[in-house]
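Structural overview
Here is how the chains run, residue by residue.
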Number of protein chains: 2
Amino acid sequence: MNITLLPVRGIGEVRPGDDLPGLISAAIGLRDGDVVVVSSKVVSKAMGLTASPLPGEQVEDARRRIAMSAEVADDVVVDTPHVVVVRTRQGYVCANAGIDASNVPGGELLLLPDDVDAAAEALRDGLRRLAAVDVAVIVSDTFGRAWREGQTDVALGVAGMDALRDERGTVDREGQTLRVTLIAQADQVAGAADMVRDKSAGVPVVVVRGLDVVDTSATGGGKALVRPPETDLFPHGRGWLARRLATGEGAPVRAGLPEDWEWQRVAGAAGGGSFVADRIDVADGLAAGRAEAALLDLGYDAVVHPGEGWTVVVRPVGGPAR
Amino acid sequence: MNITLLPVRGIGEVRPGDDLPGLISAAIGLRDGDVVVVSSKVVSKAMGLTASPLPGEQVEDARRRIAMSAEVADDVVVDTPHVVVVRTRQGYVCANAGIDASNVPGGELLLLPDDVDAAAEALRDGLRRLAAVDVAVIVSDTFGRAWREGQTDVALGVAGMDALRDERGTVDREGQTLRVTLIAQADQVAGAADMVRDKSAGVPVVVVRGLDVVDTSATGGGKALVRPPETDLFPHGRGWLARRLATGEGAPVRAGLPEDWEWQRVAGAAGGGSFVADRIDVADGLAAGRAEAALLDLGYDAVVHPGEGWTVVVRPVGGPAR
C-alpha cells in the first residue's frame, strides 16, 4: 500500500463566514477515498469562533482567563505561572484549552468548536456536494504531550473513517491473542499530515491519498479518541494537589465508587482505621490528612471534618462497608 | 512534497544474532534519503534481549516484576492491579516498561535496548555498508498515551535525521513570533509508518520515501524526545501518592530547588508556618500532613518527623529562607 501526502496550497487567509469546502475543492482535485486533514484553526476562523481580551488585558492573560472559565474547562489539570493545562468541556486535555493566539489577526483569540466531529461532518458533506467525492475528514490540532518533548498533530474531529483501528482479539504469529492493540489511526493520520507543512507557511489542509480507510461508523468519530476521566490514570499534574489543598477549588475528576484495591490503599495510607459506607474514621489528624491526600490523589472528593476522631467523608456517598 | 510509505514484507521471523541490515537491504531497494522505520521488537530480537519468567511464574507477573525492577525502572508512575506505568532508565514513561510479551516465541519477554539511539545508528551504518545508501533510521515502539484512547507508534531511537523540528523564533503570517512550536517530527514519522502495517501481519519495517529529512545532528537523536523529569508536569499518576504514603517507596521525581511560587503554594497548603533553608515548621499534625502531601505532589522528597511542632524536612537541602 502506497500513500501520498499532498499539502494544499493557495487557500489563503480564511475569514469568518468563508465557505471552507468551496476553498478546499477549488484548491485541489479530490478523489474518492481521500482523507482531508484540516487544521482546526481554519475551521474555527471560518466559524468565527473568536474572543477578545478585555480592555487593557494582555493576550496571554486573556487566554489564561478564558481557558480556565467554566464555559471552556471542566477541570484544571495543571496550573503554573507558565502554563495552564485544562480538561476542556469536549474532554481534550491540553495547554491553554487549545485556545490559539498565533496566526490570528487583530490580537483576537481563536476557540475550538463545541462539537468538532460535527464540524468534520459538515466539511465532509460540503465536499461531497461541491466536488461529488466521498472523502473522510479529520479536523486536527497541535497538542503537547506528557513525558515527551515536541508537539504532534492529533485528530479532534473525525468523519467518514474509524478513528480507532481495533486489533484486539486478533491472534499474533505465536498464537497469542493481542489484548491491548487499539490503534489511534486518526491521530496517526493527523501527525503524518503535519510532516508536509510548516506552521508559518500556511498549509491548513493536507490530503492523504491511498490510505485504505474503513468507515464502520462503529467508533463514534473523534470523540472515541478522548479517554473518559473515570479510566484516566493521569487526572491531574504537578501542583494540582497543592492548589486544591490551598484553595479548596477544583471539581472531582473521577466519578463512581472506589474499587476494593483502592480502599485497601487508602486504609494503608491512613494507617488503619475503620470504613463505613460513606466515611473513613481514622485515629488522628495526621492520618486524616494522609487519607485525604490519598483520596484526592485517587480522584475522589474527600472532605476532612476536624474533630473528635477525625472523620474523612468521601463523596459521592457509598462504598464498600467492612 | 509527495511522500510514499512502503511496508517491507518478507523479512520473516527475526532471531538472536540475525543480521538486521542484511535482512532489510535484501527485502527492499533503499534509496538515499529514505527513512527506515524499524520496530523495536525486531531490533531487540536480533540483539537477543529476552528475559524468562521464573519457574511457575505467569508471563504477566514476570513482566510486572521485571518492569518494576531497579535494572529497568527509575520510578513507578502508576501502579494498579491492571497496569504498571514506569519511567524507564532511558526516560520512557510507558506501560510495563515497554516489555513485550506478544509475538515472542517460547513465553519469553522482550526488553528494550539500553541505548536505542545507538541501535538506530548501528542499523544505519549497516545499511550504508551493505546497500551503499545514506538513510535515516527510526527505531519505533507502540505506546499508550495519557488522556487519549488508542496507541500510536513513537520514535525511541533516531539516527540520520533531527528528531525535533524547531520552529521557535520563526514569525507567523501576522508577524507574531511562534514561541512553542517544536515539532516531534520523528514521532510523526513513526506514527505515519504504523498506518501501513497491522500488528498481526508481521511488517516490522516501513520505508518512508520523499520526506525532506534534515540532519543537523543538533537535537541528539531520540533522546531529545524524552522530556526530563524536572520539567515534566505529569511526574506521577493515579494512586501514586497513596502508594507512596502507604509504603514509603518511590524516588523523588524532581531535582532542583522549589521556585518561589511553589513555596508560596506549600505555605498556603500548610496553613501558614515559617520556612527555613531546609525545613518547614508548621503548627499541627494535620497541617504537616497537608504540607507533606503538597510537597510530594510537587515532586519533592519530603519527610515528616512527628514531634514537638511537627517538622517537614525537604530534600535536597536548600531553598529560600524567609
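Residues numbered from 1 in each chain as written. Chains lettered and ligands numbered in written order. Predicted model: local features only at pLDDT ≥ 70, side-chain atom pairs only at ≥ 80, totals over all residues. Heavy atoms only, no water.

Where an unreviewed UniProt entry is consulted, chain A appears under the name Coenzyme F420-0:L-glutamate ligase, with the organism given as Euzebya pacifica.

1. Brief notes about the packing of aromatic side chains
Residue and element names in this part refer to chain B. Per the counting criterion, the structure on display carries four aromatic pairs over all chains. Relative to F143, the ring of Y92 has its centre 6.3 Å away and its plane inclined at 70 degrees; by these criteria the two rings are edge-to-face. Pair noted here: Y92 is in the loop between strand 5 (84–88) and strand 6 (93–95) and F143 is in strand 8 (residues 136–143), with a separation of 51 residues, a long-range link. Given a relative accessible area of 6%, F143 falls into the buried group. (Phe/Tyr/Trp six-rings, centres within 6.5 Å; stacked < 30°, edge-to-face > 60°. Helix = DSSP H or I, 4+ residues; strand = E, 2+ residues; numbered from the N terminus. Buried < 20%, exposed > 50% of the residue type's maximum accessible area, 1.4 Å probe, protein only.)

2. A few points about the sheet that holds strand 2 (residues 35–39) of chain B
Residue and element names in this part refer to chain B. The sheet built from five strands is open, its strands ordered 1-12-2-8-9 with mixed pairing. Of all strands in the sheet, those bounded by a partner on one side alone are strand 1 (4–8) and strand 9 (152–159). Each adjacent strand pair in this sheet contributes to an overall mean axis angle of 30 degrees, direction not counted. With respect to the sheet, helix 4 (residues 116–131) is in contact with strand 2, strand 8 and strand 9, its orientation differing from that of strand 9 by roughly 70 degrees. Here helix 5 (residues 185–194) sits on the sheet in contact with strand 1, strand 2, strand 8, strand 9 and strand 12 (205–209), set at roughly 125 degrees to strand 9. (Pairing = 2+ DSSP bridges. Axes fitted to C-alpha atoms, helices over the stretch in contact; angles between N-to-C directions. Contact = heavy atoms within 4.5 Å.)

3. A short note on the pattern of salt bridges
Side chains that differ in sign of charge can pair as their charged atoms come close. Tallying each qualifying case throughout the model produces 30 salt bridges over all chains. R227 of chain B is paired through a salt bridge with E149 of chain A; the nearest N and O atoms lie 3.8 Å apart. Taken together, the residues R227 of chain B in the loop between strand 12 and helix 6 (240–247) and E149 of chain A in the loop between strand 8 (136–143) and strand 9 (152–159) connect one chain to another. Judged on exposure class, the residue R227 of chain B and its partner E149 of chain A are both buried. Ionic pairing is found between E121 of chain B and R124 of chain B, a salt bridge with its closest N-O pair at 3.6 Å. Here E121 of chain B and its partner R124 of chain B are both found in helix 4, three residues apart, which amounts to about one turn of the helix. Its relative accessible area of 33% is what places E121 of chain B among the partly exposed residues. Overall, R124 of chain B belongs to the buried group, its relative accessible area being 10%. Through salt bridges with shared partners, a single network forms among D115, D117 and K223 of chain A. (Salt bridge = Lys/Arg side-chain N within 4 Å of Asp/Glu carboxyl O.)

4. So, the sheet that holds strand 9 of chain A
Working definition: the strands of a sheet are paired by backbone hydrogen bonds and lie parallel or antiparallel to each other. Residue and element names in this part refer to chain A. Spatially, 1-12-2-8-9 is the arrangement adopted by the five strands of the open sheet, whose pairing is mixed. On the outer flanks of this sheet lie strand 1 (4–8) and strand 9, each paired with one strand and no other. Along the sheet, successive strands turn relative to each other by an average axial angle of 30 degrees, direction set aside. Bridge analysis of strand 2 (residues 35–39) against strand 8 gives five bridges, and the strand direction is parallel. Looking at strand 8, one finds that V38 is bridged to V139. Lying on the sheet, helix 2 (residues 40–47) is in contact with strand 2 and strand 8; it crosses strand 2 at an angle near 70 degrees. The sheet strands contacting helix 5 (residues 185–194) are strand 1, strand 2, strand 8, strand 9 and strand 12 (205–209), and the helix crosses strand 9 at an angle near 125 degrees.

5. Some remarks on the confidence of the model for chain A
When pLDDT is low, close inspection of the predicted coordinates is not appropriate. Residues and elements named next belong to chain A. Overall, the prediction assigns chain A a mean pLDDT of 77, with 66% of residues at 70 or greater. For chain A, strand 13 (residues 274–276) is the element with the lowest average pLDDT, namely 43, and strand 2 is the one with the highest, namely 98. A low-confidence stretch, residues 245–257 stays under pLDDT 50, and its non-local contacts, those more than four residues away or across chains, total 37 contacts. Note on residues 304–311: pLDDT under 50 across the span, and 21 contacts to partners over four residues away in sequence or across chains. (pLDDT = per-residue confidence, 0-100.)

6. A closer look at unusual backbone geometry
Excluding glycine, most residues fall at negative phi; most peptide bonds, likewise, are trans. Residues and elements named next belong to chain A. Even without being glycine, A132 reaches a positive phi, approximately 55 degrees. Tracing the chain through its elements places A132 in the loop between helix 4 (116–131) and strand 8. Taking the relative accessible area as the measure of exposure, A132 reaches 66% and is therefore exposed. A positive phi angle is found at W147, which is not glycine, with a value near 70 degrees. Turning to its location among the elements, W147 is positioned in the loop between strand 8 and strand 9.

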